[in-house]
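Coordinate analysis (summary)
Chain residues, written in single-letter form:
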Amino acid sequence: MNAARKPLLAANWKMNKTPEEALAFWREFSGRLSGETGRVEVVICPPYPALPALQGADLRARGVYLGAQNVHWESRGAFTGEVSPGMLRAVGCSHVIVGHSERRAYFGESDEAVKRKLRAALEEGMTPILCVGETLEQRTAGRAEEVVAAQLTAALEGLDTGRAARVVVAYEPVWAIGTGRSAEARDAGEMAVAVRRRLRELAGPAAEKIRILYGGSVAPDNFAQFLAEAEVDGGLVGTASLRPESFFALVASAANAATAQAGEGEAQ
Ligand code: PEP
């Protein structure tokens with residue numbers, strides 16, 4: 001982590017939780033919060049049908065943001081099954097995940113589609129959480145950095161610096177997602193350094209403002225190790241975000257790390 005960037009923790013619930021279950025989670029989770037959201041940006045990304053219920057629960061009053069897991073780039077029209085950035089805004093979303101590896105792998109989402117989604121989200125004033133990451137085959141072949149650099153280039157090249165600074169990047173090695181097998185913190189840290197390097201090439205000084213998250217089997221017992229890496233600014237969390245107690249443990253861990261870092265900064 002770096003004291004200049006506020007850490008961000010995003011819950012990706014994927015295709016889990018009805019509106020009632022989402023509200024039950026929120027009651028339990030919000031009951032545990034006591035000031036952490038001043039130090040950590042916390043985002044909950046439920047499935048679409050649960051968005052209005054959570055909007056009604058007024059997460060913002062407790063410092064928590066609402067996000068979506070996907071978005072279309074057009075604002076309206078004949079795109080059956082799709083949802084536009086404006087529609088997400090209307091149900092309280094400030095953040096949206098784009099290019100998650102499950103969308104790339106199972107729904108054929110191309111780099112071009114991810115680029116359009118990212119730009120449409122920015123146009124609507126939302127914060128896109130851009131997912132990048134290599135497969136196990138690509139990592140074994142020594143191509144992890146090259147693959148991730150290409151995904152970053154495809155999504156961000158040509159973006160003006162004001163917009164680039166609002167992007168969040170989630171580095172998620174595909175083989176670590178939902179498998180219970182996280183990356184080694186040091187490997188994730190090295191990849192985050194490589195991501196920051198590419199971001200500097202693409203966005204210049206705006207790169208210093210971009211939060212880089214790690215995602216892939218993050219859990220309460222391993223998260224602090226990832227946060228100790230200089231270029232890791234938080235996490236994108238699937239499985240461990242489904243239970244209020246484990247997601248809160250991650251939020252508390254990030255808040256403690258941010259407090260410790262602020263203390264170090266003052267001591268220097
Ligand atoms: C994810 O959904 O982006 C993710 C990282 O899932 P998990 O934490 O379950 O690996």
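Read on for a plain summary of the structure. The structure presented is a predicted model; accordingly, all values stated were derived computationally and were not measured.

The subject of this paragraph is the site of the ligand. Taken together, 14 residues are adjacent to the ligand, and Lys14, Glu172, Gly178, Ser217 and Thr239 come closest. Contacts to the ligand include lysine 14, whose side-chain N or O atom sits 2.8 Å from an oxygen atom. The contact in question runs from an oxygen atom of the ligand to an N or O atom on the side chain of threonine 239, over 2.6 Å. Within the complex, 99% of the 290 Å² of free accessible area of the ligand lies under protein. Residue composition of the shell around the ligand, by class: four nonpolar, eight polar and two charged.

The residue glutamate 157 is located in the loop between α7 (144-156) and α8 (161-164) in this model. Remark: the alpha-carbon pair of glutamate 157 and glutamate 201, spanning 44 residues in sequence, is separated by 9.4 Å. Once residues lying within four places of it in the same chain are set aside, the contact partners of glutamate 157 are Arg119, Leu152 and Leu202.

A word on the nonpolar core. Phe29, Leu130, Leu152, Leu156 and Phe247 are the most contacted members of the largest nonpolar core, which has 74 residues in total. If we skip the residues at most four places from it in the chain, leucine 152 touches Leu130, Val132, Glu157, Val169, Val195, Arg198, Leu199 and Leu202. Ala10, Ile97, Ile129 and Cys131 belong to the second-largest nonpolar core, a separate cluster that totals 11 residues.

About the thresholds
Throughout this document, residue positions are counted from 1 along each chain, in the order its sequence is written. The predicted origin of the model limits local features to residues at a pLDDT of at least 70 and limits the giving and counting of side-chain atom pairs to 80 or more, whereas totals for whole chains, interfaces and linings rest on all residues. The basis for the side-chain values is all heavy atoms of the structure; hydrogens and waters are excluded. One heavy atom suffices: a residue is near a molecule or strand as soon as one of its heavy atoms comes within 4 Å of it. In protein, a polar contact requires one atom able to donate a hydrogen and another able to accept it; more generally it is a pair of N or O atoms within 3.5 Å, and residues adjacent in sequence count only if both atoms are side-chain atoms. Residue burial considers only the protein chains on display, and all accessible areas are found by Shrake-Rupley using a 1.4 Å probe. By the convention adopted, Pro, Cys, Tyr, Trp, Phe, Met, Ile, Leu, Val and Ala count as nonpolar, Lys, Arg, Asp and Glu as charged, and the other residues, Gly among them, as polar. Counting from the N terminus, the helices are the DSSP runs of H or I reaching at least four residues and the strands are the DSSP runs of E reaching at least two. Should any heavy atoms of two residues lie within 4.5 Å, those residues are counted as being in contact. Residue types Ala, Val, Leu, Ile, Met, Phe, Trp, Tyr and Cys, when buried and joined through side-chain atoms within 4.5 Å, form a set referred to as a nonpolar core. Relative accessibility decides the category of a residue: with a 1.4 Å probe and only protein chains considered, values under 20% of the type maximum give buried, values over 50% give exposed, and everything between is partly exposed.

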